[in-house]
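# Descriptive analysis of the structure
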Amino acid sequence: MLNYIENLKEEIIKHTQELIRIPSVGSTSNNINMPFGENANKALEYVLNLGKNLGFKIKKLDGYCGYIEFGEGEELLGIIGHLDVVPEGEGWTFPPFSATIHDNKIFGRGAIDDKGPVISSLYAMKAVMENCHVQKRVRLILGLNEEKNWNCIKHYNAGEQCPFDNIILSLSSHFGFFSSMFNSLKYSTVKISAIESEPPGCPELALYTCSIIPFLIVVAIFFNSSISVIFTKIT
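Residue numbers restart at each chain and count upward from 1, following the sequence in its written direction. Note on the predicted model: pLDDT of at least 70 is required for a residue's local features to be given, and 80 or more for side-chain atom pairs to be given and counted; whole-chain, interface and lining totals, by contrast, use all residues. Side-chain numbers here rest on the full set of heavy atoms in the structure, without hydrogens or water.

## Overview of the overall build of the protein
The line we're drawing: Only DSSP runs of H or I covering at least 4 residues are called helices, and only runs of E covering at least 2 are called strands; the numbering of each starts at the N terminus. With a 1.4 Å probe rolled over the protein chains alone, any residue whose accessible area is under 20% of its type maximum counts as buried; one over 50% counts as exposed, and the rest are partly exposed. We call two residues in contact when some of their heavy atoms are within 4.5 Å.
Counting secondary structure elements, the protein contains 7 helices and 9 strands. Among the 235 residues that make up the protein, the fraction classed as buried is 54%. In the protein, of all internal contacts separated by at least 6 residues, the share reaching a separation of at least 24 is 73%.

## As for the pattern of salt bridges
Basically, it comes down to this: Salt bridge criterion: a side-chain nitrogen from Lys or Arg within 4 Å of a carboxyl oxygen from Asp or Glu.
Summed over the entire model, instances satisfying the criterion amount to 9 salt bridges. Residue K42 is joined to E38 by a salt bridge in which the shortest nitrogen-to-oxygen separation is 3.6 Å. Placement of the pair is K42 and E38 together in helix α3 (residues 38-53), with a separation of 4 residues, close to one helical turn. A relative accessible area of 41% means that K42 is categorised as partly exposed. Measuring nitrogen to oxygen at the nearest pair gives 3.9 Å for the salt bridge that ties E160 to R139. With E160 in the loop between α5 (151-159) and β7 (167-170) and R139 in strand β6 (residues 137-143), the pair connects residues that are 21 residues apart, well separated along the chain. Here E160 and R139 have matching classes, each one buried. Sharing partners across several salt bridges, the network here consists of K59, E69, R137, R139 and E160.

## As for α5
Note the cut-off: The arc refers to the directions leading from the helix axis to the C-beta atoms.
Regarding α5, the residues found buried are C152, I153 and Y156. End-on view of α5: buried residues confined to an arc of 90°, all on one side of the axis. Away from its buried face by more than 90 degrees, α5 exposes A158 and G159.

## Remarks on unusual backbone geometry
The residue after D113, namely D114, is reached through a cis peptide bond having omega 15°. Counting through the fold element by element, D114 comes out in helix α4 (residues 111-131). Of note in this structure, D103 is not a glycine but carries a positive phi near 55°. Its place among the elements puts D103 in the loop between β4 (100-102) and β5 (105-107). The residue W150 is not glycine, and still its phi comes out positive at about 60°. Tracing the chain through its elements places W150 in the loop between β6 and α5.

## A few points about the nonpolar core
The line we're drawing: Definition of nonpolar core: a set of buried residues of the types Ala, Val, Leu, Ile, Met, Phe, Trp, Tyr and Cys, connected through side-chain atoms within 4.5 Å.
Core analysis: the biggest nonpolar cluster contains 41 residues, and L19, V47, I68, L83, M125, L140 and L142 have the highest contact counts within it. Counting residues per element, the ones that place at least two in this core are α2 (9-20), α3, β2 (65-71), β3 (76-82), α4, β6 and α5. When sequence neighbours within four positions are dropped, the list of residues in contact with L83 reads L19, S24, A43, L44, V47, K115, V118, L142, G143 and L144. Core analysis: the next-biggest nonpolar cluster, separate from the first, contains 5 residues, I13, I20, A99 and I106 among them.

## With respect to the side chain of S121
Defined as follows: Polar contacts here mean pairs of N or O atoms no more than 3.5 Å apart (in protein, one a potential hydrogen donor and the other a potential acceptor; neighbouring residues in sequence count only if both atoms are side-chain atoms).
Considering the arrangement of structural elements, one finds S121 in helix α4. Here S121 falls in the buried class, since its relative accessible area comes to 0%. A polar side-chain atom of S121 sits 2.7 Å from the main-chain carbonyl oxygen of P117.

## Here's the deal with the confidence of the model for the protein
This is how the line gets drawn: Every residue carries a pLDDT, the predictor's confidence in it, which falls somewhere between 0 and 100.
Looking at the protein as a whole, the pLDDT averages 77, with 69% of positions reaching at least 70. A low-confidence stretch, residues 173-203 (pLDDT under 50), is modelled with 83 contacts involving residues beyond four sequence positions or located in other chains.

## What about the side chain of S98?
Tracing the backbone shows S98 in the loop between β3 and β4. Within the local environment of S98, its side chain forms a polar contact with the backbone oxygen of P95, the two atoms lying 2.7 Å apart. At 2.6 Å, the side chain of S98 and the side chain of T100 are in polar contact. In this structure, S98 is in contact with R21 and F107, ignoring residues within four places of it in sequence.

Below, the structure is given as structure tokens:
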């Protein structure tokens, strides 16, 4: 299965770069179909369309969030990520929304928080879907308001199925806030992270293929609700 993912490396890189180039800085809008702004909506539609083209079921939830899913059965494993980013700020070596590849890394706002992990997780799900039979459903939930107040996930929680035993696999680098937010919604979170923090002098970068994320997601899909391992500080 890892060979399968490796063969998709260039595709994973391409889609990671294209997603980073959407400047989806968190905002608010009076447009009821785009409550977090046009660019956040563009990022959501980009990933949902990619999921559809890869053969997944997709659903957009009133512009607040969306999800990508495969599998069958009553049990639902949740993977949670977000597509909004903080303002670009200063001190960039490369333009923050250029997704420049340099020294085997992708540089850009959102590369590790959280667009790189989202794309990597999507392709990990693709690898499992194409190579294994999973007796549960796996859902990648895509938030658009993590950098503000998680109204996107409050909207999800109001009308959608909770993952089985309320276990969520978190891709966010801001695990403390993420965990407390989901605990308030009666979820438990398990962090999966490729890089614990941004290196000094580098505003944000992603591993060239985010290769550890697909591996961890593949492993996690085959855990049951008694999952107890927290994958963190993996470099």
